[in-house]
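A closer look at the structure
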Amino acid sequence: MIATPDRTPLPRNFFDRPVLEVAPDLLGRILVRTTPDGPIALRITEVEAYDGQNDPGSHAYRGRTPRNDVMFGPPGHVYVYFTYGMWFCMNLVCGPDGRASAVLLRAGEIIEGAELARTRRLSARNDKELAKGPARLATALDVDRALNGTDACASGDTPLRILTGTPVPAHQVRKGPRTGVSGEGAVHPWRYWIADDPTVSPYRAHVPKRRRVDAPPAGA
């Protein structure tokens, strides 16, 4: 018999820990997105850790900017960024206030509100693909920069909240290199996922962009 997931909100001190502790502990937790059309709930199945100024792969590696300001805390807030000129990605801030670190939510299983998620993910071939990848996850949950800075630990009416869910046993957690990260940050095995879960996204190593042979020289 499968136990019913715990719907108790995660406290802020859950996030006030080192990012490499928080990231694998987020697997199996539930993210609830409240929209005017109704709620969408997602069971987190894949994440990546980013350790701020200790991590060449992090947006905060070179310090604080208007873009990454939310990453510096307080913990338990949502950091949303825009990438490739078309997609949003969602992170949960962790660690002590003033020290940047965050966990990217890479994939999840929609367990409530799938009918709403489908209206935003028309290209998904089945429900397992609704949130299979960080941009797909944000799209399915209708997350954009308007939600940047949202307190996921706040009480009362909030558009995003993290619930206890059902934590994943350690023997079911896998880890490996982060997807698409280049340079020194590519070596860190800071991607965590639930073993054999069909909603986990495929791993893709970073592929440097190559100039076309017939392209004019830079500055021409």
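What comes next concerns the included structure. Residue numbers restart at each chain and count upward from 1, following the sequence in its written direction. The predicted origin of the model limits local features to residues at a pLDDT of at least 70 and limits the giving and counting of side-chain atom pairs to 80 or more, whereas totals for whole chains, interfaces and linings rest on all residues. The basis for the side-chain values is all heavy atoms of the structure; hydrogens and waters are excluded.

Our next topic: the overall build of the protein. By the criteria applied, helices consist of DSSP H or I runs no shorter than four residues and strands consist of E runs no shorter than two, each listed in order from the N terminus. When you go through the protein residue by residue, the secondary structure sums to four helices and nine strands. Here the protein has a C-alpha radius of gyration of 17 Å; the compact-globule value for 220 residues is 17 Å, and the two agree. For the protein, the spread of C-alpha atoms along the three principal axes comes to 60 × 40 × 35 Å. Under the scheme applied here, a residue whose accessible area is under 20% of the maximum for its type counts as buried, over 50% as exposed, and between as partly exposed, the area being computed with a 1.4 Å probe on protein chains only. Taking all 220 residues of the protein together, the buried fraction comes to 49%. In what follows, residue pairs with any heavy atoms lying within 4.5 Å of each other are defined as contacts. In the protein, of all internal contacts separated by at least 6 residues, the share reaching a separation of at least 24 is 61%. In this description, accessible areas are obtained by the Shrake-Rupley approach with a 1.4 Å probe, and a residue is regarded as covered only by the protein chains that are shown. When the accessible surface of the protein is totalled, it reaches about 11,300 Å², and 54% of it is carbon and sulfur. Neither His nor the chain ends contribute to the count of charged residues, in which Lys and Arg are positive and Asp and Glu negative. Here the site of a charge means NZ on Lys, CZ on Arg, CG on Asp, or CD on Glu. Charge-centre separation for the protein: the mean point of 29 positive side chains lies 6 Å from the mean point of 24 negative side chains. It is over C-alpha atoms that the radius of gyration is taken, and the globule rule equals 2.2 Å times the number of residues to the power 0.38.

For the rest of this paragraph, the subject is unusual backbone geometry. The peptide bond linking Gly-73 to Pro-74 adopts the cis configuration, its omega dihedral lying at 5 degrees. As for its placement among the helices and strands, Pro-74 is situated in the loop between β3 (38–50) and β4 (78–83). With a phi angle near 65 degrees, Asp-196 is a residue other than glycine that sits in the positive phi range. Along the polypeptide, Asp-196 turns up in the segment after β9 (191–194).

To continue, consider the nonpolar core. Working definition of a nonpolar core: buried Ala, Val, Leu, Ile, Met, Phe, Trp, Tyr and Cys residues. They are joined through side-chain atoms within 4.5 Å. Counting residues in hydrophobic clusters, the biggest one holds 42 residues, and the most contacted among them are Phe-15, Val-47, Leu-92 and Ile-110. Of the residues forming this core, the biggest block, five residues, is contributed by β3. Leu-92 has contacts with Phe-15, Leu-26, His-77, Val-78, Ala-102, Val-103, Leu-105, Ala-152 and Ile-162, leaving out every residue within four places of it along the chain. Ranked by size, the runner-up nonpolar core spans 13 residues in total, among them Met-71, Tyr-81, Val-93 and Val-181.

We define a salt bridge as a side-chain nitrogen of Lys or Arg found within 4 Å of a carboxyl oxygen belonging to Asp or Glu. The tally for this structure, following the rule as stated, stands at 17 salt bridges. Linking Glu-46 and Arg-191 is a salt bridge whose minimum nitrogen-to-oxygen distance equals 2.7 Å. Taken together, the residues span a long stretch of sequence, with Glu-46 in strand β3 and Arg-191 in strand β9 at a distance of 145 residues. This pair shows no difference in class: Glu-46 is buried, exactly as Arg-191 is. Residues Arg-125 and Glu-129 are paired through a salt bridge, measuring 2.5 Å at the closest nitrogen-oxygen approach. Taking relative accessible area as the criterion, Arg-125 reaches 71% and is therefore assigned exposed. The structure contains a network of salt bridges with shared partners spanning Arg-33, Asp-37, Arg-120 and Asp-142.

Here we take up the pairing of strand β2 (residues 30–35). Of all six residues that make up β2, five are buried, and the element is covered over most of its length. With six bridges joining them, β2 and β3 adopt antiparallel strand pairing. Residue Thr-35 lies in a different strand from β3, and its bridge partner there is Gly-38. A pair of strands is considered paired only if DSSP assigns at least 2 bridges between the two. Between β2 and β3, which follow one another and run antiparallel, lie two residues.

A word on a nonpolar patch on the surface. Judged by side-chain polarity, Tyr-84, Met-86 and Trp-87 come together as a nonpolar surface patch covering roughly 400 Å² of accessible area. Structurally, Trp-87 is set in strand β5 (residues 87–93). Nonpolar side chains (Val, Leu, Ile, Met, Phe, Trp, Tyr) are joined into patches within 5 Å and like charges within 9 Å, using only residues with over 30% relative accessible area and no salt bridge.

Let us now look at the packing of aromatic side chains. Stacked, edge-to-face and tilted are the three classes for Phe, Tyr and Trp ring pairs, Trp counted by its six-membered ring, which pair at centre distances within 6.5 Å; planes under 30 degrees apart are stacked, over 60 edge-to-face, the rest tilted. Evaluated as defined, the whole model comprises three aromatic pairs. Ring geometry for Phe-14 and Phe-15: centres 5.0 Å apart, planes at 75 degrees, overall edge-to-face. Ring centres 5.7 Å apart and planes at 40 degrees place the aromatic pair Tyr-79 and Tyr-81 in the tilted group. In terms of burial, Tyr-79 and Tyr-81 fall into one category: buried.

Tracing the chain through its elements places Glu-48 in strand β3. What qualifies as a polar contact is a pair of N or O atoms within 3.5 Å, subject to a donor-acceptor requirement within protein and to the restriction that residues adjacent in sequence count only when both atoms come from side chains. At 2.6 Å, the side chain of Glu-48 forms a polar contact with the backbone nitrogen of Thr-179. Look past the residues within four positions of Glu-48 in its chain and what remains in contact with it is Ala-102, Val-103, Leu-104, Arg-106, Arg-178, Thr-179, Trp-190 and Arg-191.

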